[in-house]
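Analysis of the macromolecular model
Below, each chain spelled out in residue letters.
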Amino acid sequence: MMELLTGLANDMLFATIPALGFALLFNVPSRALKYCAQGGALGHGSRYLLLAAGMPIEWASFLAATLVGMLGVYWARRFLAHPKVFTVAAVIPMIPGVYAYKAMIALVEISQHGYTPELWGSLVANFLKAMFIVAGLAIGLAMPGLLLYRRRPLV
């Protein structure tokens, strides 16, 4: 249990750094920077807990992005800003760079050394995993807007 809490604290701490860096890069107002950092920490931390519970990374990323989207809508209403001010930078730490990197390495090895079934399998598996994670992040960020800003009732 202590390892899980230590890992969670470490994960949340290190998720604030890219969230804050991208918020600065996107010229987020200075009063909103701490909320971008909090959103990044809460989103990445919730994904960490879902992964520790055994959920696949694609679904964990989707649910974490939905949480970040809900927080962004709440903060946007509270501070009279657009939700993207808070959410885009907060989701950046969950971008699947390792899977995209492994797919590109497999592609380069195929182009240099030729086709092998193992390299092709690695390319396809890592590429699809990266694309499903990115899709989960995008749909998760859009979900609160789709549910809360409707002009017509759901039923």
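So, here's what we can say about the structure.

Reading the values: the criteria
Residues numbered from 1 in each chain as written. Predicted model: local features only at pLDDT ≥ 70, side-chain atom pairs only at ≥ 80, totals over all residues. Heavy atoms only, no water. 1 Å grid on protein atoms, 1.4 Å probe; cavity = no way out; pocket = protein on both sides within 12 Å on 5 of 7 lines; lining within 4 Å. Points joined across faces, edges and corners; volume = space filled by probe spheres on them. Helix = DSSP H or I, 4+ residues; strand = E, 2+ residues; numbered from the N terminus. Salt bridge = Lys/Arg side-chain N within 4 Å of Asp/Glu carboxyl O. Axes fitted to C-alpha atoms, helices over the stretch in contact; angles between N-to-C directions. Parallel < 35°, antiparallel > 145°, perpendicular 65-115°, else oblique. Left-handed = near helix turned anticlockwise from the far one by under 90°. Contact = heavy atoms within 4.5 Å.

1. Details of the layout of surface pockets
Its boundaries defined by the atoms lining it, the largest pocket holds a volume of some 220 Å³. Every residue lining the largest pocket is listed: Gly69, Val73, His82, Pro83, Lys84, Thr87, Leu141, Ala142, Pro144, Gly145, Leu146 and Tyr149. Looking at the lining of the largest pocket, the elements that each hand over two or more residues are α3 (57–79), α4 (84–91) and α6 (117–148). With five residues, the top contributor of residues to the lining of the largest pocket is α6.

2. Here's the deal with the pattern of salt bridges
This model, assessed by the stated rule, comprises one salt bridge. Between Glu58 and Lys129 there is a salt bridge whose closest N-O contact spans 3.3 Å. With Glu58 in helix α3 and Lys129 in helix α6, this pair connects stretches of sequence that are 71 residues apart.

3. Let's talk about the packing of helix α1 (residues 2–25) against helix α2 (residues 33–52)
With their axes 7 Å apart at the nearest point, α1 and α2 run at an angle of 140 degrees to one another. Between α1 and α2, the interaxial angle falls into the category oblique. Remark: the crossing between α1 and α2 carries right-handed chirality. Contacts between α1 and α2 pair Glu3, Leu4, Gly7, Leu8, Asp11, Met12, Ala15, Thr16, Ala19, Leu20, Ala23 and Leu24 from the former with Leu33, Cys36, Ala37, Gly40, Ala41, Leu42, His44, Gly45, Tyr48, Leu49 and Ala52 from the latter.

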